[in-house]
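# Summary of structural features
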Amino acid sequence: MNRLHFQRSQLCIPYGLFLVCFVFAPLVVIIYYAFTDGEGRLTLANLTSFFSSPNTIGTLAYSLGIAVATTCCCLLLAYPIAYILARSRFKHKAVILMVFVMPMWINFTLRITALKEILTVIEGNLAYHPFLNTLIGMTYDFLPFMILPIYTTLEKLDNSLLEAAADLGADTVRTFLKVTFPLSVPGIISGIVMVFLPSMTNYVVLDMLYNSTYIMGSLIGAYFSAYDWHNGSMIALILLGIILVFTMFTNRYADEDAGSSRGGVLGS
Amino acid sequence: MRKTFYIIFLSFMMVLLYLPILVLAVYSFTDSANIGAIRGFSVQNYVTLFKKPELRDMIAGTLILAVGSAFISTVLGTLGAVGVFYSGRFGNLVVGSLNKVPVVNAEVVTAFSLCILLIGACGVDKSSFVSLVIGHVVLEAPFVYVSVVPKLKQMDNSLYEAALDLGASPAMALRRVVLPQIFPGVVSGFALAVTLSLDDYFITSYTKPATFDTISTYVVNATRGSQTEIKTALWALSTIIFAVVVGMVILMNLTGNKNEKRAGAGNEKDR
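The structure presented is a predicted model; accordingly, all values stated were derived computationally and were not measured.

### Considerations on the overall build of chain A
A count of helical and extended segments in chain A gives 13 helices and 0 strands. Taken along its principal axes, the extent of the C-alpha atoms in chain A is 75 × 70 × 35 Å. Looking at chain A residue by residue over its 268 residues, the buried ones come to 56%. Considering only intrachain contacts with a sequence separation of at least 6, the fraction spanning at least 24 residues in chain A is 75%. Element-wise, carbon and sulfur atoms account for 67% of the exposed surface of chain A, whose accessible area totals about 11800 Å². Separation between the mean location of the 14 positive side-chain charges and that of the 15 negative ones in chain A comes to 8 Å.

Structure below.
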């Protein structure tokens, strides 16, 4: 019996090796490159130059600006949608939800192309409002990722809590503020994770909407094409650091079910 | 009253979401190259899409890459999940935590680090497609793993033991008893892997051979260029993809019974 047990667990060896080779090793490599210079000497110059150059700090600030703005827009649009879908008694709730997350399965470059054509008709020249266009593009791209986790948390909210609040004399607004909203925070946090990080790095949306300002993603690309792997790795490492802080913070509050929302609709 | 307001709000949001895609769909059937001026009905865009070798190869390449890499990811991820499920804390710790990295990581960072390792440190030739396939598997396999694990947790473990008691070999018991129980997770993992591969831009652009394009990289390059014929042919492509996705969703709703529909929408059964 012991031998059988051993054999079954061996099944994970190929995948384990794969992860070590192609997930762990790349991390080691970028850590190495980030802290060395061209001659292979240990150095902190890449780190200090990132935080002392106005260009790179500007890029970081611009990325954060876009990410914060996109996350807020997504949240403001997604929350009412998710709330209405989860709390009301529509007959074909599942179908309506599908309609809202379906764009997720259409190639995002094609969706942004479509958006670009519409924006060009409305604005005439896209160059006049680069930040606004980027914001619209990102929101359009990431909205489904915010709707899904919030819907998941609201959907399983215990109705008796709302009834109790009503019985105890709370009106609708108060019930929402004191009961519904606080209980939906884990879903909101999962949604923020899904939207915030991609919108800091998705430089394709900016590219396609003719916004030539750099964000963190494009900065990596620029260093990469210039064969400056040391500085590129440092940017990658800084992004990884942001992600790490984010996940450590969110692991505590996020809703585990809602977290896997990328596959939420497919998972059955 | 409130319900009417809700319906109006939801419909308005739907219109906003789908307006660009639908407008493009309408214009893809005309011969005009710009939105705004409808001229005559034409299917020229669709003809170009399937006649032009460059476009045809790009679409075929994208599909082959998506299905191929999804297949590898499904095999690797499923084996990994099953193995980890039966192994001790060590396997769980190593595979489980490494598996989370590509899921939470920004795709650019995954792409960049993998590219530095493969092309920079190991000297892999990009034109061999090796780096491209590995890149896509790195992106997809963790999601397959994530969709199989909950199925393993819900599985009735005594059935496996029963199969062994009745004389099945462990391999046979895995294939005939365990696999059918986790199969829904494997299928949704595969479907998810395909959609991730089709949607990916970053990993593809860092690891692809110079002469190969997927839909994403092709579209991005096309927006930089100014070839009208290709631009409007891509409208046709977007319309076809939209139609396929709508078709799949309708199919899923028709085939799934009520219970599955609920699970599909709310991830209910996964808990």
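### Concerning the side chain of B:Asn99
Within the secondary structure layout, B:Asn99 lies in helix α4 (residues 89–104). A polar side-chain atom of B:Asn99 sits 2.5 Å from a polar atom in the side chain of A:Tyr15. Apart from residues no more than four positions distant in its own chain, B:Asn99 is found in contact with A:Tyr15, A:Leu19, B:Ala141, B:Pro142, B:Tyr145 and B:Val146.

### Observations regarding the interface of chain A and chain B
Every contact between the two is made by 92 residues of chain A and, on the other side, 98 residues of chain B. Between chain A and chain B, roughly 8400 Å² of surface is buried when both sides are summed, and carbon and sulfur atoms account for 77% of that area. Run the count over chain A and chain B and you get 0 salt bridges. If you look at where chain A meets chain B, you find 7 residue pairs in polar contact (both at pLDDT 80 or more). Per-element tally for the side of chain A that touches chain B: the top contributor is helix α2 (residues 13–34) of chain A, with 16 residues. Residues belonging to the side of chain A that touches chain B are distributed by class as follows: 60 nonpolar, 22 polar and 10 charged.

### Side note on the packing of helix α5 (residues 93–101) of chain A against helix α1 (residues 2–28) of chain B
Direction vectors running N to C along α5(A) and α1(B) enclose 35 degrees, while the axes themselves pass 10 Å from each other. In this structure, α5(A) crosses over α1(B), and the sense of that crossing is left-handed. On α1(B), the residues that touch A:Ile96, A:Val99 and A:Phe100 of α5(A) are B:Leu10, B:Met13, B:Met14, B:Leu17 and B:Tyr18.

### Things to note about the domain arrangement of chain B
Residues and elements named next belong to chain B. Under the domain assignment, chain B is made up of domain 1 (19–51 + 226–271) and domain 2 (60–225). Placing the centre of domain 1 and that of domain 2 at their C-alpha centroids yields a distance of 27 Å. Across the boundary between the two partners, domain 1 contributes 8 residues, which contact 9 residues of domain 2. Interface area, domain 1 with domain 2, both sides summed: about 590 Å², of which 65% is carbon and sulfur. Taken together, the connections running from domain 1 to domain 2 amount to 0 salt bridges. Joining domain 1 to domain 2, the criterion identifies 0 residue pairs in polar contact (both at pLDDT 80 or more).

### Concerning the pattern of salt bridges
Per the counting criterion, the structure on display carries 5 salt bridges over all chains. Ionic pairing is found between A:Asp37 and A:Arg41, a salt bridge with its closest N-O pair at 3.6 Å. Note that B:Lys52 and B:Glu229 form a salt bridge whose closest N and O atoms lie 3.6 Å from each other. Here B:Lys52 is found in the loop between α2 (44–51) and α3 (53–86), whereas its partner B:Glu229 is found in helix α11 (residues 228–255), with 177 residues between them in sequence. Here B:Glu229 falls in the partly exposed class, since its relative accessible area comes to 40%.

### Some thoughts on the nonpolar core
Formed by 152 residues in total, the largest nonpolar core has its most connected members in A:Phe100, A:Ile220, B:Leu10, B:Tyr206 and B:Leu237. With 12 residues, the single largest contributor to this core is helix α4 (residues 54–87) of chain A. Counting 7 residues, the second largest nonpolar core, distinct from the first, contains A:Ala114, B:Leu24, B:Ile35 and B:Trp235.

### Some words on the packing of helix α7 (residues 157–165) of chain B against helix α8 (residues 170–199) of chain B
Relative placement of two packed helices is described by the angle separating their axes and the distance separating the axes. Residues and elements named next belong to chain B. The interhelical angle for the contact between α7 and α8, taken along N-to-C directions, is 150 degrees, at an axis separation of 9 Å. Of the possible angle classes, the one that applies to α7 and α8 is roughly antiparallel. Here the hand of the crossing between α7 and α8 comes out right-handed. Between α7 and α8, the contacting residues are Leu-159, Tyr-160, Ala-163 and Leu-164 on the first element and Pro-170, Ala-173, Leu-174, Val-177, Val-178 and Gln-181 on the second.

### Description of empty space enclosed by the protein
Taken as a whole and judged by the stated rule, the model has 3 cavities of 30 Å³ or more. In this model, the second largest cavity occupies a volume close to 60 Å³. If you go around the second largest cavity, the residues you meet are A:Phe22, A:Val23, A:Pro26, A:Leu27, B:Val101, B:Pro102, B:Asn105, B:Thr110, B:Ser113, B:Leu114 and B:Val138. Across the lining of the second largest cavity, the residue classes break down as 8 nonpolar, 3 polar and no charged.

Quick notes on the rules
- Residues numbered from 1 in each chain as written.
- Chains lettered and ligands numbered in written order.
- Predicted model: local features only at pLDDT ≥ 70, side-chain atom pairs only at ≥ 80, totals over all residues.
- Heavy atoms only, no water.
- Helix = DSSP H or I, 4+ residues; strand = E, 2+ residues; numbered from the N terminus.
- Buried < 20%, exposed > 50% of the residue type's maximum accessible area, 1.4 Å probe, protein only.
- Contact = heavy atoms within 4.5 Å.
- Areas by Shrake-Rupley, 256 points an atom, 1.4 Å probe, with all protein chains shown as cover.
- Lys, Arg positive; Asp, Glu negative; His and termini not counted.
- Charge placed at Lys NZ, Arg CZ, Asp CG, Glu CD.
- Polar contact = N/O pair within 3.5 Å; in protein donor to acceptor, adjacent residues only side chain to side chain.
- Buried area = accessible area lost by both parts, 1.4 Å probe.
- Salt bridge = Lys/Arg side-chain N within 4 Å of Asp/Glu carboxyl O.
- Nonpolar A, V, L, I, M, F, W, Y, C, P; charged D, E, K, R; others polar.
- Axes fitted to C-alpha atoms, helices over the stretch in contact; angles between N-to-C directions.
- Left-handed = near helix turned anticlockwise from the far one by under 90°.
- Domains from an automatic or database assignment.
- Core = buried A, V, L, I, M, F, W, Y, C linked by side-chain atoms within 4.5 Å.
- Parallel < 35°, antiparallel > 145°, perpendicular 65-115°, else oblique.
- 1 Å grid on protein atoms, 1.4 Å probe; cavity = no way out; pocket = protein on both sides within 12 Å on 5 of 7 lines; lining within 4 Å.
- Points joined across faces, edges and corners; volume = space filled by probe spheres on them.

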